[in-house]
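# Structural description and commentary
So the chains spell out like this:
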Amino acid sequence: MVQFTSVAGVIGLLDEPDQAIQTHALQQLDQLVNDYWTEIADSVPKIEELYEDETFPQRQLAALVASKVFYHLGDFDESMVFALGAGNLFDISANSEYVQTIVEKCIDKYISLNAASDSSELTESSEETSHRKSQLRNAPGKADPRLESIVERMIKKCFDLNDFKPAIGIAIEARRLDVVERGIEQAGQSSGKGKSKSTGKDERLELMEYVLEIAMNVVQDVELREKLLRLLLNLYLNHPIPDYFAISKCVVHLEDHVLAGKLLKDLVTKGEDKTILIAYQIAFDLYSSSTQDFVHRVVAELPEEEPETEENKDEQPATENTGLLADDENTKTETSTKSPQAKYYKSIREILKGTKTIELSLEFLYRNNHIDMSILNKIRDSLEARNSIFHTAVTFANAFMNAGTTSDGFFRDNLDWLGKAVNWSKFSATAALGVIHKGHLSQGMKLLDPYLPKAGSASGSAYSQGGSLYALGLIYANHGTDVLEFLRNQFKNPLSEEKDIIQHGGALGLGVAAMATGDAGIYEDLKVVLWADSAVAGEAAGLAMGLIMLGSGNAKCLEEMVQYARETQHEKIIRGLALGMALINYGRESNADEFIKDLLDDADPALRYGGVLMIALAYCGTGSNHAVRKLLHVAVSDVNDDVRRIAVLSLGFILFRKPGAVPRMVELLSESYNPHVRYGATMALGIACAGTGLDEAIDLLEPMMKDPTDFVRQGAHIALAMILVQQTDQLNPKVSKIRKAFEKVIGEKHEDAMAKFGAALALGIIDAGGRNATISLQTQTGSLNMSGIVGMAIFTQYWYWFPLTHFLSLSFAPTGIIALNKDLEAPNFNFVCNTRPSLFDYPPVVEEAAEAAPEKVETAVLSTTAKARQRAKLKAKEEAAKGKDEMDIEPTTPAPASEEKMDIDEEPKEEAKEEAKEETKEGETKEGEAAKKKGPVTKKKEKEPSSYSLQNLSRVLPAQLKYISLEKDSRYVPVKKPTGGILLVEDTQPDAEVELLELKRKPIVAPATGGQTAGQASTGAATSLTGGAARAARPTLIGGSPASEEDAPVPEPFDYVSDSEN
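Residues numbered from 1 in each chain as written. Predicted model: local features only at pLDDT ≥ 70, side-chain atom pairs only at ≥ 80, totals over all residues. Heavy atoms only, no water.

The protein chain appears in an unreviewed UniProt entry as 26S proteasome regulatory subunit RPN2 from Ascobolus immersus RN42. Recorded under Sequence similarities (unreviewed entry), the UniProt text for the protein chain is reproduced unchanged: "Belongs to the proteasome subunit S1 family." (UniProt positions renumbered as here; feature names shortened; annotations may be inferred.)

Now the structure itself:
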């Protein structure tokens, strides 16, 4: 090719009148433009004229040359417009930087135009857009056909190469669901095999899983997500081998109870063992991922239960007390009058009502309880019980450590300490029983009977009565059908003169038990108390109203609440209403934006606080950039410290599905001059990184444990415990160091009370649920854990009100695999964990004796004392020798004076014996210590096995799941990939005898109530009993040591008259 030093001559040909010459000039310029674009740029107007001349035959070539010139000039928008004018001459398959850049610009523009069309919004960036640029729309919000052609060609190229994921990603962003459907249908068709080369799975199913993942975790537009899920539902249902678990995920997100009921009915109708197991598994997943209201509607879609006949009227209903084994005669066989389908539907109803899940969780937490009581005893001994904040801290630590285990031995063993609780400390201590016995549905009322308000009885403190109502709600959290009527009656008609306290506990109990039911009657009852304008009862009523209407977005309720918040003068009520309004907008994302803006613009900082929390709950788990920008803006611009603190804290709720992004985001905020912002950064890290053991988060929090501000240190302690819950020394070497740091803070006399409070809570959180629970804001199936998120959000309000700390227990999720067979019983078989045992083992129990031993060594002996002992020994020897001489000279009966000599003679002998014993003990101690030192050396030489067996119903940490597999030739096969929690397994040897797990949690035999409702059977006389009579009269608890022969008694009520109550 001829080498050019200038293209001036070629450019001059553009002025020739002959179109053939002009065409030749353009062809030459097209080849030379990359090297001589600086010269050609001056003649762009001539090239544009040729493009705009409709009579010129090579208009597209002129557009291509102009596009390349503008590309080199850096004006990519103009370059894109001329590239569209070039038509097919713009080759998208060319491997050049120019083509790649322009294609990317075309795709971005197409996506923005389609998004604007979908939302009826125009998204032009400025008024300076040229006429040609505006031509990209041929209708408001509609993309130019030429632009669409470029994108279609790019998508076709991907489809031809069987590279479907990039094309489908573009289609989803561009709202082209027809392209998504076409891509899924064409997946694997070109090869004729339909199998993915990498995984061997059906490529269409793999592609649908990819789209489902994008829809649930990436797409932030609510309407687009719903459209995608509807499309996926149709595709899954029409697939020859439907993925029922993926269908159930779609159903939960769409809240389509009709389809959920139809899905369960179709699976039961098939009647095969595997389809029945799948139906049970879906029912468990629906219960764990849905609200009470949704589950009740699904149950209503199932066929009605057959009426009982004379043969089965006496059959006891299945309750959690029947345990995992059906050893009762009534549960061994089904009556002949019931069809197999009726049996299956009955089991599904039981699962959807939650009784089976709660029963299994109680058994798991009880049989695997590894709580270390010495830690609790240390906390109790280190913190002065007379100080209300310290007493409350120990109460919370005990509640969290024993959450759901039904083990209340600490309370029984420390009744004197418990009796020191006064006023609201007494309220929190009573409510702690609800955390410990959470889920104990069959005996919840009887467990709390000594403390519940009783008609005709004046005994008992109002604080313990209010706390017992709160505890009752916690036991029946998100499952309160059986106790709602009792709670409503106690709330509306308090039996104590201090009705505000009773109503406070009743409102909290009602809210947590009837969470997300949308019950209008309870809402109206709460509103009546709210309008009474009592600060104590009104705060709880405002919060409970939000819990009842959780996630409903009820405009009428929101209007009533915000109006009253602007009228009342009580700050406590305003805070309760602000939190309640945030709860009503839970999960509503962009639908809550208008109300959020209204609250953020309010002059009252308490309402702005509610607006920020509303962002956190409306966009929780979405990772929305829009929400993050709003929160960061408030965090640095608001004039109120409380609002800034909650803005930073709320980042944890938005980003908990992307925990790795949070440390980088809050790194600068953690160094802020404002301690409230620093505290918010600690809690954001704790919430987002809970249970992950993330090193970056720990590195940020460790220095903050020494922050000069006490409440920042408190937040650092709590956040570290959240992050390190269920982390072992093998997984994270800092666990032991941080545990010791917590204990040191508690034992430090000069440490601030708030920091000690945080350290005590931290020790409870890090060992939550007997070391068998973690903090989880999403379910095992990947859906949002509604009760967990709500519990965490309300827990953060302990800053204002300590009793709300108990709400953190709603975020605790048992970590284990519970395998069930077709009869919903736990077979005795083992899983294999393909890693060394120490990696996920429980922390070692602290040995108190080992710590007490060094005290003997530290005993100081003064030199004068040693010399005195030596002199006494010499004197004793001399006197002994002298006495012997006298005996030899006068062998007669000793005179009375000799008795004194004998006394003197015996004392040194006794001292000598004692010294000899001490020397022997010291020698033994030294030998024992030497043996202990030698012991570990030999153990280290023993090589750990590379795998080990885990029995069904064992603890399996989230990080451990990837190492779990079945034993070779296992009899049981899971119906889905193990994800933790309840797992249905198929028996490959159905005719062989089934060995079931032995039930460790003994059922309680409840005393007969004579048909009376709970609360009516108790009388004032029952509470007046003391000692053994009281224990005999009250129902028993199942807590205490698993090895005990008898069930432990209910703790004695700690009601007493203190000076403050006289």
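### A short note on the pattern of salt bridges
For the structure on display, the rule yields 39 salt bridges. Residue K527 pairs with E524 through a salt bridge whose shortest N-O separation is 3.3 Å. Taken together, the residues span about one helical turn, with K527 and E524 both in helix α29 (residues 520-531) at a distance of 3 residues. Taking relative accessible area as the criterion, E524 reaches 36% and is therefore assigned partly exposed. With a closest N to O distance of 2.8 Å, R713 and D752 form a salt bridge. Of this pair, R713 sits in helix α41 (residues 710-724) while D752 sits in the loop between α42 (734-747) and α43 (753-766); the two residues are 39 residues apart in sequence, bridging distant segments of the chain. Several salt bridges converge on common partners, so that one network encompasses E148, E152, R176, D178 and R182. (Salt bridge = Lys/Arg side-chain N within 4 Å of Asp/Glu carboxyl O. Helix = DSSP H or I, 4+ residues; strand = E, 2+ residues; numbered from the N terminus. Buried < 20%, exposed > 50% of the residue type's maximum accessible area, 1.4 Å probe, protein only.)

### Looking at the sheet that holds strand β7 (residues 948-951)
Strand pairing in a sheet relies on backbone hydrogen bonds, with the paired strands running either antiparallel or parallel. Here 3 strands make up an open sheet; going across it, the order is β7-β6-β9 and the pairing antiparallel. Because the sheet does not close on itself, it has two edges, and the strands there are β7 and β9 (964-966). When strand polarity is set aside, the average angle formed by the axes of neighbouring strands in this sheet is 40 degrees. With 4 bridges connecting them, strand β6 (residues 830-833) and β7 associate as antiparallel partners. Across the sheet, residue V832 finds its bridge partner in β7, namely S949. (Pairing = 2+ DSSP bridges. Axes fitted to C-alpha atoms, helices over the stretch in contact; angles between N-to-C directions.)

### Focus on the side chain of T728
One can find T728 in the loop between α41 and α42. Among the polar contacts made by the side chain of T728, one reaches the main-chain carbonyl oxygen of L839 at a distance of 2.8 Å. Here T728 is in contact with V735, L839, F840 and D841, once residues within four sequence places are set aside. (Polar contact = N/O pair within 3.5 Å; in protein donor to acceptor, adjacent residues only side chain to side chain. Contact = heavy atoms within 4.5 Å.)

### Observations concerning helix α10 (residues 177-186)
For α10, every residue scored as buried is listed here: L177, V179, V180, G183 and I184. The arc that holds every buried residue of α10, seen down its axis, measures 155 degrees, which confines them to one face. Each element contacted by the buried residues of α10 is listed here: α8 (145-160), α9 (164-173), α11 (203-217) and α12 (222-238). (Arc of directions from axis to C-beta.)

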